[in-house]
Amino acid sequence: MRFSKKTNAIGPSPTLAIDAKAKSLKAGGVDIISFGVGEPDFDTPQNIKEAAIKAIRDGFTKYTPVAGIEDLKSAIIDKLKKENGLDYEKNEIIVSCGAKHSLYNVAEALYDVGDEILLPSPYWVSYPDQIMLNSAVPVIIKTDEKNSFKITPELLKAHLSKKTKALILNSPSNPTGLAYDKKSLEAIAELAVKHDFYIVSDEIYEKLVYDGFEHISIASFGDEIKKRTIVINGLSKSFAMTGWRIGFAAGPKDIIEAMTNIQSQSTSNPASISQKAAVEAYRGPQDFIHTMNIEFDKRRLYMFERLNKMKGVSCIRPVGAFYAFPDVSYYFDKNFKGSRINSSMDLTSYLLEEAKVAVVPGSAFGDDRYIRLSYATSMTNIEKGLDRIEDALSKLQ
Ligand SMILES: *Cc1c(COP(=O)(O)O)cnc(C)c1O
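Quick caveat, the model's predicted, so the values are computed rather than measured. (Residues numbered from 1 in each chain as written. Predicted model: local features only at pLDDT ≥ 70, side-chain atom pairs only at ≥ 80, totals over all residues. Heavy atoms only, no water.)

**Quick word on the sheet that holds strand S13 (residues 360-361)**
Here's step 1: Overall, antiparallel pairing links the three strands, which are arranged S9-S14-S13 in an open sheet. Each end of this open sheet is capped by a strand with a single partner; those strands are strand S9 (323-324) and S13. (Pairing = 2+ DSSP bridges. Helix = DSSP H or I, 4+ residues; strand = E, 2+ residues; numbered from the N terminus.)

**Observations concerning empty space enclosed by the protein**
Here's step 1: Enumeration over the complete set of coordinates arrives at four cavities of 30 Å³ or more.
Here's step 2: A volume near 130 Å³ is recorded for the largest cavity.
Here's step 3: Around the largest cavity, the lining is made up of 16 residues, and of these Pro120, Pro122, Tyr123, Asn170 and Ser173 lie nearest the centre.
Here's step 4: Going through the elements one at a time, strand S3 (116-121) and strand S5 (164-170) are the ones with two or more residues in the lining of the largest cavity.
Here's step 5: Of the residues in the lining of the largest cavity, the class split is 11 nonpolar, five polar and no charged. (1 Å grid on protein atoms, 1.4 Å probe; cavity = no way out; pocket = protein on both sides within 12 Å on 5 of 7 lines; lining within 4 Å. Points joined across faces, edges and corners; volume = space filled by probe spheres on them. Nonpolar A, V, L, I, M, F, W, Y, C, P; charged D, E, K, R; others polar.)

**Regarding the site of the ligand**
Here's step 1: In the neighbourhood of the ligand, 13 residues make up the surrounding shell, with Ala99, Asp202, Tyr205, Ser236 and Lys237 lying closest.
Here's step 2: At a separation of 2.6 Å, an oxygen atom of the ligand approaches a polar backbone atom of alanine 99.
Here's step 3: One of the side-chain N or O atoms of serine 236 is found 2.6 Å from an oxygen atom in the ligand.
Here's step 4: Among the cavities detected, the one that contains the ligand is the largest pocket. (Near = heavy atom within 4 Å. Polar contact = N/O pair within 3.5 Å; in protein donor to acceptor, adjacent residues only side chain to side chain. Sits in = over half its atoms within 2 Å of the grid points.)

**A few points about the packing of aromatic side chains**
Here's step 1: Under the counting rule described, the total for this entry stands at 16 aromatic pairs.
Here's step 2: A centroid spacing of 5.9 Å and a plane angle of 85° characterise the contact between phenylalanine 239 and tyrosine 282, whose relative ring orientation is edge-to-face. Taken together, the residues span a long stretch of sequence, with phenylalanine 239 in the loop between strand S7 (229-234) and strand S8 (247-250) and tyrosine 282 in helix H11 (residues 272-283) at a distance of 43 residues. For the pair shown, phenylalanine 239 and tyrosine 282 are each scored as buried.
Here's step 3: When the ring of phenylalanine 325 is compared with that of tyrosine 370, the centres are 4.8 Å apart and the planes differ by 5°; the resulting orientation is stacked. With a gap of 45 residues between them, phenylalanine 325 in the loop between S9 and strand S10 (335-336) and tyrosine 370 in the loop between S13 and strand S14 (371-374) connect regions that are remote in the sequence.
Here's step 4: The class for tyrosine 370 is buried, based on a relative accessible area of 1%.
Here's step 5: Put simply, the rings of Phe42, Tyr205, Phe288, Phe296, Phe322, Tyr323 and Tyr375 pair up and form one aromatic cluster. (Phe/Tyr/Trp six-rings, centres within 6.5 Å; stacked < 30°, edge-to-face > 60°. Buried < 20%, exposed > 50% of the residue type's maximum accessible area, 1.4 Å probe, protein only.)

**Topic: the domain arrangement of the protein**
Here's step 1: As assigned here, the protein comprises domain 1 (5-43 + 288-394) and domain 2 (62-283).
Here's step 2: Relative to domain 2, the C-alpha centre of domain 1 lies at a distance of 26 Å.
Here's step 3: Contacts between the two partners involve 40 residues from domain 1, matched on the other side by 32 residues from domain 2.
Here's step 4: Buried area between domain 1 and domain 2, summed over both chains or domains, comes out near 3100 Å², and the portion from carbon and sulfur atoms is 59%.
Here's step 5: Among the residues domain 1 hides against domain 2, the three largest losses belong to Ile316, Val319 and Phe365. Together they make up 21% of the total.
Here's step 6: Our count for the domain 1 to domain 2 interface comes out at three salt bridges.
Here's step 7: On inspection of domain 1 and its partner domain 2, the count reaches 15 residue pairs in polar contact (both at pLDDT 80 or more).
Here's step 8: Elements with a minimum of two residues in the side of domain 1 that touches domain 2: helix H2 (14-27), helix H12 (287-309) and S9. (Domains from an automatic or database assignment. Contact = heavy atoms within 4.5 Å. Buried area = accessible area lost by both parts, 1.4 Å probe. Salt bridge = Lys/Arg side-chain N within 4 Å of Asp/Glu carboxyl O.)

**Remarks on unusual backbone geometry**
Here's step 1: Residue proline 172 is bonded to the preceding serine 171 through a cis peptide linkage, with omega at -10°.
Here's step 2: Counting through the fold element by element, proline 172 comes out in the loop between S5 and helix H8 (182-194).
Here's step 3: For the peptide bond that leads from asparagine 174 to proline 175, omega is 20°, which places it in the cis range.
Here's step 4: Among the structural elements, proline 175 can be located in the loop between S5 and H8.
Here's step 5: Here serine 135, not a glycine, exhibits a phi torsion of approximately 60°, which is positive.

Encoded structure:
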């Protein structure tokens, strides 16, 4: 059997693959500490669960409108207005089965054969594959740790061409934890308007910010940039709702309409029950996020300090999301019992076998010098896991 050409261009999500390997070792009785996870280790708040249970009891269990129920669209519109200073109508919103699904709908609706999509690296694992699945070309913009992994207007200009269709922006970022301030975003917005390309703004980590950082949506700088921006957001990270599969896109009505047509021919509406839960998440009490952030913040600072104290390791201070992204390339070309570490993947395998710690290799995010550690796990695990990593690294010669 021969499969379609585009399936040959892509592989499984590497983060999910590592997580699966760690979980299966754990199931086999090995004491694994996982820094591989990409989801909060908190339970979904009770009020949200109750709303879902009520939806089931009320028989709210049938197809809904493809792009989401009216209640949820209203809640999203109010959220965008209040928190992001953005005005949208209902026909400018689509609710999908997770933010990843919204991003995929954008890719299908917007990216055409040969279009160039600007992608700052390190990037989230699914962006290049979603671009390639639609026969467009990812144009990687390599960023520098010295500039906190941010793209600059100069870098951006150097990668523009007549085929540039869009820029994918992820702030706060998975995997680096960087977040763009207002000034940097304004400079990017100016270029997008001047050279007429779209911005796909993945704001899924908007609420998980530290050190008093204030998230700003790039779409909020005026009509010209707003009509070129598709804002992507969702509940997975802010409300610990990864399994519920609710995300959304907000953007110009013609793009949203195209995305809705695509969704109507693939998944139809997201789960009716999850949509009711999402209404409660946006309309109900918001203190859960604060409580979760306080805990993440403690772990973030501890991990950041510990990593930077390890010999040869350097790490920027993350201001958002729940990941640390240290440079570990100092250990490349070193050996353990005769076998040589040549890449982030080698180091990841070594850490899993020798330290019983799961991390994700930087190669999955487009930069082989790094590994990604998630701090969405308990402080006890973080302490123990970092001890193990430090110990294992010290054995490399
Ligand atoms: C987790 C994540 C998503 C996807 O979230 P879902 O709503 O669960 O699909 C999108 N973008 C980034 C950068 C993420 O880390």
